[in-house]
Amino acid sequence: MHFAGSIVVPESVEKPLDYYRNNTVASHALVSTAIDAGVRHIVFSSTAAVYGEPERVPVDESVAKIPINPYGASKLMTERMLEDSAAAYPMNYAALRYFNVSGADPEGRSGQVGKGSTHLIKVAVETAVGKRDHIDVYGTDYPTEDGSCVRDYIHVSDLVAAHLKALERLIEKPEENLVLNLGYGRGLSVIEVLDALERVTGKPIRREIKGRRAGDPPNLISSNKALLSTLDWSARYADIDTILTHALEWERKLQSRNWE
Ligand SMILES: NC(=O)c1ccc[n+]([C@@H]2O[C@H](COP(=O)([O-])OP(=O)(O)OC[C@H]3O[C@@H](n4cnc5c(N)ncnc54)[C@H](O)[C@@H]3O)[C@@H](O)[C@H]2O)c1
């Protein structure tokens, strides 16, 4: 399973060659070494960013892939490398296109770490525990119900479960590859997420309304029909209050141990 990569979209715009080196060139080294070593199945962390600004929503896997930043392009190149390799060498692969990964392990064993995250739910829970003074809302004039951007947040444990099912399927059907969106097929706006967090914590979250960010599509929701029909997978943690509760518990744990 190949999770490693550089993942910050604006940074990829500033340092495209770093992103092609780390996401594409380094993946080439990994994939070729793995194939040489006899690895038969590769599961790859891809991303909804391969679709760019999709022509239709919910986004199914056949939507045109026109990434609008080097991050998405660097991941799409790796997908293509895997596709061509699977046609030529004795291996198969799954490219799993994650939508917005969120939450934390329900048992508190793992979660997101690191300073300067740009993920909405991470930033929101950091604000809730007092690590940040407020959260910026980038744009409230989008053509969505409340004007803020809508995304498909998937709990990390549901994402993990889909990886295990994907690997089982690759082993069972070595002649097939998998290209699947990982999302719930459900959209939540930035404001809905922040309102839910206020409900979970019982406290207001200070928000500052900012302008739109370049390259943020208004609506990014997956179609997960292929996921549901291909793998024996179902969502266990889709409820946003559950996602936020787990993310919050993890953030409190980090804080109590003085971890970042
Ligand atoms: N978090 C999301 O919402 C999301 C969405 C879509 C796709 N993804 C993909 O999921 C994967 C994991 O993302 P994450 O959110 O856990 O990010 P992350 O930054 O927490 O994890 C990426 C890890 O890869 C490591 N890494 C980077 N380059 C490496 C290299 N050359 N060799 C070895 N290790 C290296 C980093 O040190 C880091 O620990 C990434 O490939 C990312 O593109 C994440």
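Note that the structure is predicted; figures quoted are calculated from it, not measured.

Q: Could you give an account of helix 4 (residues 120–128), naming the residues involved and the relevant values?
A: For helix 4, the tally of buried residues reaches eight of nine residues, placing the bulk of the element in the interior. Buried within helix 4 we find L120, I121, K122, V123, A124, V125, E126 and T127. Contacts made by the buried residues of helix 4 are with strand 3 (100–102), strand 4 (135–138), strand 6 (153–155), helix 6 (190–201) and helix 8 (240–256). In the stretch just after helix 4, G130 is the one whose phi turns positive, near 90°.

Q: Pulling in residues and values, what's your account of a nonpolar patch on the surface?
A: Together, M1, F3, V160 and L164 make up an exposed nonpolar region whose accessible area comes to about 390 Å². Mapped onto the fold, V160 is located in helix 5 (residues 156–172). On the accessibility criterion, V160 (43% relative accessible area) is partly exposed.

Q: So what about helix 5? Which residues, and what values?
A: Turn by turn, an α-helix covers 3.6 residues, leaving residues three or four places apart pointing in a common direction. For helix 5, which comprises 17 residues, the first-to-last C-alpha distance of 24 Å matches the rise-based estimate of 24 Å (1.5 Å per residue) to within 8%. Along helix 5, the residues classified as buried are S157, D158, L159, A162, H163, A166 and L170. Looking at the buried positions of helix 5, the neighbouring elements they touch are strand 1 (41–47), strand 2 (92–98), strand 3, strand 6, strand 7 (178–182) and helix 7 (225–230).

Q: Describe the nonpolar core, listing the residues and the values that go with them.
A: Across soluble globular proteins, nonpolar side chains have a tendency to be buried as a group. If you look at the biggest cluster of nonpolar residues, it comprises 40 residues, and the most contacted ones within it are L96, I121 and L182. Elements supplying a minimum of two residues to this core: strand 2, helix 4, strand 4, strand 6, helix 5, strand 7, helix 6 and helix 8. What L96 contacts, discounting residues up to four positions off in sequence, is V43, F44, S45, S46, T47, H163, A166, L180 and L182. The next biggest cluster of nonpolar side chains, apart from the first, holds 10 residues, and it includes A34, I35, F44 and M91.

Q: So what's going on with the packing of helix 4 against helix 6? Residues and values would help.
A: Axis separation between helix 4 and helix 6 bottoms out at 11 Å; the angle between their running directions is 35°. When the axes of helix 4 and helix 6 are compared, the crossing they make is right-handed. Of the residues in helix 6, those in contact with L120, I121, A124, V125 and A128 of helix 4 are V190, V193, L194, L197 and T201. When grouped by side-chain class, the residues that make up the contact of helix 4 with helix 6 number nine nonpolar, one polar and no charged.

Q: So what's going on with the packing of aromatic side chains? Residues and values would help.
A: Scanning the entire structure with this criterion turns up zero aromatic pairs. Across from the ring centre of Y142, 4.2 Å away, lies the NZ or CZ of R212, which sits over that ring.

Q: Describe the sheet that holds strand 5 (residues 150–151), naming the residues involved and giving the relevant values.
A: The strand order 8-5-10 describes an open sheet built from three strands, whose pairing is mixed. At either margin of the open sheet sits one strand with a lone partner, and together these are strand 8 (188–189) and strand 10 (219–220). Here two bridges tie strand 5 to strand 8, and the two strands are oriented antiparallel to one another. Counterpart to V150 in the pairing with strand 8 is S189.

Q: I'd like a rundown of the site of the ligand, residues and numbers included.
A: Around the ligand, the structure places 14 residues, and the nearest of them are F3, N22, Y71, K75 and V101. At a separation of 2.7 Å, an oxygen atom of the ligand approaches a polar backbone atom of F3. Within the side chain of N22, an N or O atom sits 2.7 Å from a nitrogen atom of the ligand. Contact with the protein chains hides 57% of the accessible area of the ligand, taken as 820 Å² for the molecule alone. Only strand 1 and helix 3 (70–88) provide two or more residues apiece to the shell around the ligand.

Q: Explain the side chain of T47 residue by residue, including any values.
A: Position of T47 relative to the elements: it lies in strand 1. Accessibility expressed as a relative area gives 8% for T47, which makes it buried. At 2.9 Å, the side chain of T47 and the backbone nitrogen of A49 are in polar contact. Excluding anything up to four places from it in sequence, T47 contacts Y71, K75, L96, R97 and Y98.

Quick notes on the rules
Residues numbered from 1 in each chain as written. Predicted model: local features only at pLDDT ≥ 70, side-chain atom pairs only at ≥ 80, totals over all residues. Heavy atoms only, no water. Buried < 20%, exposed > 50% of the residue type's maximum accessible area, 1.4 Å probe, protein only. Helix = DSSP H or I, 4+ residues; strand = E, 2+ residues; numbered from the N terminus. Contact = heavy atoms within 4.5 Å. Patch = residues over 30% accessible without salt bridge, like charges linked within 9 Å, V, L, I, M, F, W, Y side chains within 5 Å. Areas by Shrake-Rupley, 256 points an atom, 1.4 Å probe, with all protein chains shown as cover. Salt bridge = Lys/Arg side-chain N within 4 Å of Asp/Glu carboxyl O. Expected span 1.5 Å × (residues − 1). Core = buried A, V, L, I, M, F, W, Y, C linked by side-chain atoms within 4.5 Å. Axes fitted to C-alpha atoms, helices over the stretch in contact; angles between N-to-C directions. Left-handed = near helix turned anticlockwise from the far one by under 90°. Nonpolar A, V, L, I, M, F, W, Y, C, P; charged D, E, K, R; others polar. Phe/Tyr/Trp six-rings, centres within 6.5 Å; stacked < 30°, edge-to-face > 60°. Lys NZ or Arg CZ within 6 Å of the ring centre and 35° of its normal. Pairing = 2+ DSSP bridges. Near = heavy atom within 4 Å. Polar contact = N/O pair within 3.5 Å; in protein donor to acceptor, adjacent residues only side chain to side chain.

None of this, on its own, says anything about what the molecule does.
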